[in-house]
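Per-entry structural report
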Amino acid sequence: AMPFELLRQQLHFGGYESTTPVVDVFRSMLGVLHRQEDYRPTLLEGDILQLTREALGMDYSFLALSHSDPVAGHDTSVLGRILLQALDNTLPWIEEVYIKKERLSKKEVDCFVAAIQMYFKDLMSEEETSGPYSYLRRCMPGLTHERFRLSYRRRFEYILQHVLDEAYQRLGRDSALLR
């Protein structure tokens with residue numbers, strides 16, 4: 001993945017047509033990934049969240065979004081809808097790759113999906129987001145960090161990345177929603 005400081009240095013937020021600050025941040029990050037060739041085209045979840053918070057706080061003066069502000073509420077609800085639709089669109093792929101090939105059980109996949117939904121809910125509601133282990137542990141009581149690390153972490157992060165990739169594609173296709 002691209003180093004955090006290098007990504008931070010290369011981000012530019014001007015010139016976008018969207019009235020949605022979060023979408024502008026995502027588009028800027030995608031632009032940096034597409035322009036560079038030295039690293040895998042991936043970003044760490046924590047880096048995305050940190051840079052989004054920084055950009056909203058600095059460039060848009062939204063240290064905390066007010067849900068009473070109809071524009072800010074609409075922006076997060078549109079992005080939330082896109083994220084949840086991306087998750088729904090990814091479910092057949094998850095079933096094909098993980099359940100049918102017995103890499104995960106149906107119950108484990110249901111826990112992954114619930115954990116991703118909780119993560120998206122926290123992300124859209126301004127609450128502090130936690131790491132993947134924290135969300136999955138809420139759905140799988142008794143899950144130890146070692147078991148998560150050995151059995152679930154890579155799968156969970158790969159599925160989450162697949163969902164986020166779908167959301168980014170959807171942002172490109174449905175950008176008219178965000179203007």
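Residues numbered from 1 in each chain as written. Predicted model: local features only at pLDDT ≥ 70, side-chain atom pairs only at ≥ 80, totals over all residues. Heavy atoms only, no water.

**A word on the overall build of the protein**
On a plain count of helices and strands, the protein comes out with seven helices and zero strands. Walking the protein from its N terminus toward its C terminus, one meets helices and strands in the order α-α-α-α-α-α-α. Within the protein, the proportion of its 179 residues that are buried is 44%. Once local pairs closer than 6 in sequence are excluded, the contacts in the protein between residues at least 24 apart make up 67%. (Helix = DSSP H or I, 4+ residues; strand = E, 2+ residues; numbered from the N terminus. Buried < 20%, exposed > 50% of the residue type's maximum accessible area, 1.4 Å probe, protein only. Contact = heavy atoms within 4.5 Å.)

**Digging into the pattern of salt bridges**
Using the criterion set out here, one finds three salt bridges in the structure. With its nearest N and O atoms 3.5 Å apart, the salt bridge here joins Glu-96 to Lys-100. Relative accessible area serves as the criterion here: at 41%, Glu-96 is assigned to the partly exposed category. Between Asp-122 and Arg-138 there is a salt bridge, with its nearest N and O atoms 4.0 Å apart. (Salt bridge = Lys/Arg side-chain N within 4 Å of Asp/Glu carboxyl O.)

**A closer look at the confidence of the model for the protein**
Mean pLDDT over the protein works out to 77, with 78% of the residues at or above the 70 mark. In the model of the protein, helix α3 (residues 45–58) stands out as the element of lowest mean pLDDT, 70, in contrast to helix α5 (residues 106–124), which has the highest, 90. Scored below 50 in pLDDT, residues 58–74 makes 23 contacts in the model with residues more than four places away or belonging to other chains. (pLDDT = per-residue confidence, 0-100.)

**As for helix α6 (residues 132–139)**
Burial in α6 covers these residues: Pro-132, Tyr-133, Tyr-135, Leu-136 and Cys-139. The arc that holds the buried residues of α6, viewed along the axis, is 165°, so those residues lie on one side. (Arc of directions from axis to C-beta.)

**A word on unusual backbone geometry**
For Glu-102, which is not glycine, the phi torsion reads 55° and is therefore positive. Looking at where Glu-102 falls in the secondary structure, it is placed in the loop between α4 (70–99) and α5. Residue Glu-102 is classed as exposed on the basis of its relative accessible area, which comes to 72%.

**Here we look at the nonpolar core**
Side chains of nonpolar character tend, in soluble globular proteins, to be buried together. Among the nonpolar cores identified, the biggest contains 49 residues, and Phe-120, Leu-136 and Tyr-152 are the most heavily contacted of them. Elements that contribute at least two residues to this core include exactly α2 (21–35), α3, α4, α5, α6 and α7 (145–173). With ten residues, α7 is the single largest residue contributor to this core. For Phe-120, the contacting residues outside a window of four places in its chain are Leu-83, Leu-84, Leu-160, Val-163 and Leu-164. (Core = buried A, V, L, I, M, F, W, Y, C linked by side-chain atoms within 4.5 Å.)

**So, α5**
The terminal C-alpha atoms of α5, which comprises 19 residues, lie 27 Å apart, in line with the 27 Å expected from a rise of 1.5 Å per residue. Buried within α5 we find Glu-108, Val-109, Cys-111, Phe-112, Val-113, Ala-115, Ile-116, Tyr-119, Phe-120, Asp-122 and Met-124. (Expected span 1.5 Å × (residues − 1).)

**Describing the packing of α5 against α6**
Where α5 meets α6, the axes come as close as 8 Å, and the angle between the chain directions of the two elements is 125°. Relative to α6, α5 is oriented oblique. The way α5 lies across α6 gives a crossing that is right-handed. Taking contact as the criterion, the partners of Cys-111, Phe-112, Ala-114, Ala-115, Met-118, Tyr-119 and Asp-122 in α5 are, on α6, Tyr-135, Leu-136, Arg-138 and Cys-139. For the contact of α5 with α6, a count of residues per class yields nine nonpolar, no polar and two charged. (Axes fitted to C-alpha atoms, helices over the stretch in contact; angles between N-to-C directions. Parallel < 35°, antiparallel > 145°, perpendicular 65-115°, else oblique. Left-handed = near helix turned anticlockwise from the far one by under 90°. Nonpolar A, V, L, I, M, F, W, Y, C, P; charged D, E, K, R; others polar.)

**Some points on the environment of Tyr-119**
With respect to the helices and strands, the residue Tyr-119 is situated in helix α5. On a C-alpha basis, the gap between Tyr-119 and Thr-129 in space is 6.6 Å, while along the polypeptide they are ten residues apart. When sequence neighbours within four positions are dropped, the list of residues in contact with Tyr-119 reads Glu-45, Leu-49, Thr-129, Tyr-135 and Leu-160.

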